[in-house]
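The chain contents come next:
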Amino acid sequence: MTDTPLLKVSGVSKFYGSRIGCKDVNFELWPGEVLAIVGESGSGKTTLLNCLSTRLMPTAGSVEYRMRDGNFRDLYHMSEAERRFLMRTDWGFVHQNPADGLRMTVSAGANVGERLMAIGDRHYGKIRETASDWLSRVEISTDRIDDQPRAFSGGMRQRLQIARNLVTGPRLVFMDEPTGGLDVSVQARLLDLLRGLVNDLGLAAIVVTHDLAVARLLSHRMMVMKDGHVIEHGLTDRVLDDPREPYTQLLVSSILQV
Amino acid sequence: MTDLATYNFAYLDEQTKRMIRRAILKAIAIPGYQVPFASREMPMPYGWGTGGVQVTASIIGPEDVLKVIDQGADDTTNAVSIRAFFQKVANVAVTTHTSDATIIQTRHRIPEQKLGENQVLVYQVPIPEPLRFLEPRETETRKMHALEEYGLMHVKLYEDIAHNGRISKTYAYPVKVDSRYVMDPSPTPKFDNPKMHMSDALQLFGAGREKRIYAVPPYTEVVSLDFEDYPFEVQKFDQNCALCGAHGVYLDEVVLDDKGGRMFVCSDTDHCEDRREHGHVGEMLAPSKEAAE
Amino acid sequence: MATPLVVSEVFKSFTMHLRDGIKLPVVNDVNFSVASGECVVLGGPSGIGKSSILKMLYGNYAVDAGQILVGHKDKIVDIAHADPRTILEVRRHTLGYVSQFLRTVPRVSALDVVAEPLFARGVDAAQAKDKAAELLAKLNLPRELWSLPPATFSGGEQQRVNIARGFITSHRILLLDEPTASLDAVNRRVVVEMIAEKKREGVAMLGIFHDEEVREAVADRILDVSQFSPRKAIAA
């Protein structure tokens, strides 16, 4: 266990005029740690995720990331070229709708291989082999390597998106409702896959979800957001089993038991 | 009686020529980079070579000798029209001989004969952006060029190999210029790509509809994109030219009758004529020569 | 460390915001310690706070005041005030917990559920699975079930998976919440022997056992939780 965090977030706020997107968010994330950001619609969780992943510029605060050379860099003091490079190599972003994170008109193999080609890999055979390997890791039959994601089911598309993101061995993955919109049985499979991959690869991840079961299964720590503020945070099982704040208690008690 | 108004030299007004020359200088300074320019209304519609014509018009001078080819031929309608256009508005000498020309405007082919330091090749370009069909957003392709993010280009080649067993792009084959920008060489056959590399001549590219000019200065590296295990290869023809017997040149297929008869002849008409003048004959002409003797 | 677990002046209550903020006190002024090789049993009537104490010790419940000191590696960590990462590390290496109910994860086989704490400590997968198999065999879980996810197991079968998972590591402190509740006599005896073995290894244990026979067999000391109950103050 290393002592240096991977991500340092200080006072991140996003305002839209006088409307609060998110306010004063502070936390640190260590390698191999999964943080769930939980809240209902309008809580600010997606806004926060976008501020952290450089998709949205915060109004205030800083997001510092520890680069592979060990130095911390403020993400918003980097050039766009550096940010984009980071996004393609050291980070992943799994969208809720897999079509947003895939090239739908290009084969599954090319989708997975694209990041490799973007960083300079020039051997077709090896690229194809790596792509094939990743497809089987996300439980997509390798004979579908030349098929387009348009022909895939929702769950398969999502798994393909995950493979596409993980092929360059990122250290930090952002996930926006990774199981949203999927059938329950498909969700279970995907969550198990994610859990396994996160463990095997020692990934740090920030997962935005409104589904507490997803948070329980995937995350070590949890942050509960309401109206743009972080109202409770701590060890996931502690927040779910012994919620302190009124809103957290409401959220936890609202889950229907099957 | 006053003279009727005549055209300004080479049709374009001086300010326009200045603007285009500036774009050309910038293009030469950044090989392969697409420089936007204010493309003018020309007396031919978009898609008929307005880009090439504007570039030629901006660089041509009274001492120049102009050659115009279309798919390698000097005698197609378009080549003839453009040549006549410049004769009228610039009163310059024109030729069909590659070696005599100082400016060669071309649609979709590079002459077989090696070009020299005193020559400029002006290409007509329909779609200048090599990434256009993969990424339709101009905002995104500009960023990709700026940040040298060309992974997508290789994705296209990967797809070709995955679906066709080999890279199937046979014309407008993307190249990397001076190890920096990826460029579309215009719809020339990939057979011509090696001619662009370290050429003695200056190569200028004009796209009128898309309003872009780009350039490859002489002695610049131009490398066709490929994979280590699927390297770039030019087309090979089994036959020689039926008229002049030339080997290792780009051939056009000509249908002779409705019984499937055809012959293959040089696409570069000047090259073919030149060889025949020097006594080379191909199969097609050999029997008639014998008969004549 | 002779006394790896020390609980000092711990207070806990629940504030039910959904019921107009009623405060439900759970325990007041809890003080006790557990020594290495000792098994302390928490006694007292149902609902007195025994499970809650175990959960507080594990970091699963928060405390209002007090300290929960755990000897972790060569330091002392206060679970009541430690940050989440530290608590996770203590759970990984030092503090184990056999909960009352197995929370099942879809698709993970019983064998892997049991082996997981070893995977988390970096033990080679094959070795970990062997150890897991050993424990499941000891607990008489039918072999056919080992490769199946436990979600459809009976209560007793799930409990045995839970126990195996809790006992597989070499944690220095074990918290046991009704580990034998759904077991038959044969398996209860197996668990008693497993506890005895842990005691011999110097593990400090704190447990809740409803079954008298088991309690008699394993307890070195019984700690009556009623003494910490706020209700006695009300009743008095």
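This text follows the structure it describes.
Structural notes, computed from the coordinates. Within every chain, residues take consecutive numbers counted from 1 along the sequence as written. Written order decides the labels, with chains lettered from A and ligands numbered from 1. The predicted nature of this model means local features are confined to residues of pLDDT at least 70 and side-chain atom pairs, given and counted, to a pLDDT of 80 or more, with totals for whole chains, interfaces and linings taken over all residues. Side-chain measures were taken over the full set of non-hydrogen atoms in the model, leaving aside hydrogen atoms and water.

1. Points about the interface of chain A and chain B
- Working rule for contacts: check all heavy atoms of both residues, and any pair within 4.5 Å makes them a contact. Counting from both sides, the interface comprises 21 residues of chain A and, opposite them, 21 residues of chain B.
- The term buried area means the drop in 1.4 Å probe accessible area that two parts suffer when joined, counted for both and summed. The largest share of the area that chain A buries against chain B comes from Arg84(A), Arg122(A) and Tyr124(A), three residues that together contribute 39% of it.
- For salt bridges, the criterion is a side-chain nitrogen of Lys or Arg within 4 Å of an Asp or Glu carboxyl oxygen. The tally of links from chain A across to chain B stands at five salt bridges.
- Here Lys143(B) makes a salt bridge to Glu80(A), at a shortest N to O gap of 3.4 Å.
- What qualifies as a polar contact is a pair of N or O atoms within 3.5 Å, subject to a donor-acceptor requirement within protein and to the restriction that residues adjacent in sequence count only when both atoms come from side chains. Counting across the chain A and chain B interface gives 12 residue pairs in polar contact (both at pLDDT 80 or more).
- Secondary structure elements are taken from DSSP: a helix is a run of H or I of four residues or more, a strand is a run of E of two residues or more, and numbering for both begins at the N terminus. Counting only elements with at least two residues in the side of chain A that touches chain B, the list comes to helix H2 (80-89), helix H3 (108-118) and helix H4 (124-137) of chain A.
- By residue number, the principal contributor to the side of chain A that touches chain B is H3(A), which donates five residues.

2. Concerning the interface of chain A and chain C
- The partner chain C presents 25 residues to the 26 residues of chain A that form the contact.
- Carbon and sulfur atoms supply 53% of the area buried between chain A and chain C, which totals about 2,200 Å² over both sides.
- The interface formed by chain A and chain C includes five salt bridges.
- Between Arg107(C) and Asp192(A) there is a salt bridge; the shortest N-O distance is 3.0 Å.
- On inspection of chain A and its partner chain C, the count reaches 11 residue pairs in polar contact (both at pLDDT 80 or more).
- Those elements that place two or more of their residues in the side of chain A that touches chain C are helix H6 (184-201), helix H7 (212-218), strand S10 (229-235), helix H8 (236-241) and helix H9 (246-253) of chain A.

3. Quick look at the pattern of salt bridges
- The tally for this structure, following the rule as stated, stands at 48 salt bridges over all chains.
- The salt bridge partner of Arg144(A) is Asp147(A), with a shortest N-O separation of 2.9 Å.
- Taken together, the salt bridges that share partners define one network made up of Glu80(A), Arg84(A), Arg88(A), Glu140(B), Lys143(B) and Glu149(B).

4. Here we look at the arrangement of the chains
- The highest contact count of any of the two pairs of chains in contact belongs to chains A and C.
- Considering only C-alpha positions, the minimal separation of the non-contacting chain B and chain C is 34 Å.

5. As for the sheet that holds strand S2 (residues 22-34) of chain C
All names here are of chain C.
- When DSSP locates at least two bridges between a pair of strands, those strands are taken to pair. Read from one edge of the open sheet, four strands run S2-S1-S4-S5, paired in antiparallel fashion. In this open sheet, the two strands that pair with only one neighbour each are S2 and strand S5 (75-78). Across this sheet, the average inter-strand angle for adjacent strands is 30 degrees, counted without regard to direction.
- Where strand S1 (residues 5-16) and strand S4 (residues 65-72) come together, five bridges link them in antiparallel fashion. Bridging from a neighbouring strand, Ser-8 pairs with Gln-67 of S4.
- Only C-alpha atoms enter the line fits that serve as axes; for helices the fit covers just the stretch in contact. Angles between N-to-C directions range over 0 to 180 degrees. Relative to S2, helix H1 (residues 50-58) is tilted by about 70 degrees, and along the sheet it contacts S1, S2 and S4.

6. Digging into the packing of H3(A) against helix H5 (residues 154-166) of chain A
Residues and elements named next belong to chain A.
- Two numbers describe how H3 lies on H5: the axes approach to 7 Å, and their chain directions differ by 30 degrees. Relative to H5, the element H3 lies roughly parallel. Facing Ala-108, Asn-111, Val-112, Glu-114 and Arg-115 of H3, the residues of H5 in contact are Leu-160, Ala-163, Arg-164 and Asn-165.
- Charged means Asp, Glu, Lys or Arg here, nonpolar means Ala, Val, Leu, Ile, Met, Phe, Trp, Tyr, Cys or Pro, and polar covers whatever is left, Gly included. Across the contact of H3 with H5, the residue classes break down as four nonpolar, two polar and three charged. Roughly parallel covers angles under 35 degrees, roughly antiparallel covers those over 145, roughly perpendicular covers 65 to 115, and oblique covers all other angles.

7. A short note on unusual backbone geometry
- Even without being a glycine, Asp227(A) presents a positive backbone phi close to 50 degrees.
- Mapping Asp227(A) onto the fold places it in the loop between strand S9 (221-226) and S10.
- A simple rule labels every residue: compare its accessible area, found with a 1.4 Å probe on the protein chains alone, to the largest value its type can have, and call it buried under 20%, exposed over 50%, or partly exposed in between. With a relative accessible area of 48%, Asp227(A) lands in the partly exposed category.
- Even without being a glycine, Tyr11(B) presents a positive backbone phi close to 75 degrees.
- With respect to the helices, strands and loops of the structure, Tyr11(B) is situated in the segment before helix H1 (14-29).
- The partly exposed category is assigned to Tyr11(B), whose relative accessible area is 25%.

8. Considering the pairing of strand S3 (residues 39-43) of chain C
All names here are of chain C.
- Across the five residues of S3, five count as buried, placing the element largely inside the fold.
- Of the two faces of S3, the one lined by Cys-39, Val-41 and Gly-43 and the one lined by Val-40 and Leu-42 are each fully buried.
- By the bridge criterion, four bridges tie S3 to strand S9 (residues 221-224) in an arrangement that is parallel. Residue pairing across strands places Val-41 opposite Ile-222, the latter belonging to S9.

9. Digging into the side chain of Ser267(B)
Residue and element names in this part refer to chain B.
- Residue placement: Ser-267 occurs in the loop between strand S12 (262-266) and helix H7 (269-277).
- Taking the relative accessible area as the measure of exposure, Ser-267 reaches 2% and is therefore buried.
- In terms of polar contacts, Ser-267 uses its side chain to reach the backbone carbonyl oxygen of Gln-71, at 3.1 Å.
- Ignoring any residue separated from it by four or fewer positions in sequence, one finds Ser-267 in contact with Gln-71, Gly-72, Ala-73, Arg-109, Tyr-250, Leu-251 and Asp-252.

10. Considering the packing of aromatic side chains
- Within 6.5 Å between ring centres, the rings of Phe, Tyr and Trp (the latter by its six-membered ring) count as paired, and their orientation is classed by plane angle as stacked under 30 degrees, edge-to-face over 60, tilted in between. One pass over the full model with this rule turns up 18 aromatic pairs over all chains.
- A centroid spacing of 5.0 Å and a plane angle of 80 degrees characterise the contact between Tyr124(A) and Tyr230(B), whose relative ring orientation is edge-to-face. A residue pair is termed interchain when its members come from two chains, as with Tyr124(A) in helix H4 and Tyr230(B) in the loop between strand S10 (222-224) and strand S11 (251-255).
- Residue Tyr230(B) is classed as partly exposed on the basis of its relative accessible area of 29%.

11. With respect to the environment of Leu66(B)
All names here are of chain B.
- Here Leu-66 is to be found in strand S2 (residues 65-70).
- Once the C-alpha coordinates of Leu-66 and Phe-86 are considered, the two residues, 20 residues apart in sequence, prove to be 8.3 Å apart.
- Residues in contact with Leu-66, not counting those within four places in the same chain, are Thr-56, Ile-60, Phe-86, Ala-93, Val-94, Thr-95, Ile-103 and Gln-105.

12. With respect to the sheet that holds strand S6 (residues 175-177) of chain B
Residue and element names in this part refer to chain B.
- The three strands lie next to each other as S7-S6-S10, forming an open sheet whose pairing is antiparallel. Strands at the two margins of the open sheet, each flanked by one partner only, are strand S7 (181-183) and S10. For this sheet the average axis-to-axis angle between neighbouring strands, irrespective of direction, equals 35 degrees.

Shape is all these values report; function is a separate question.
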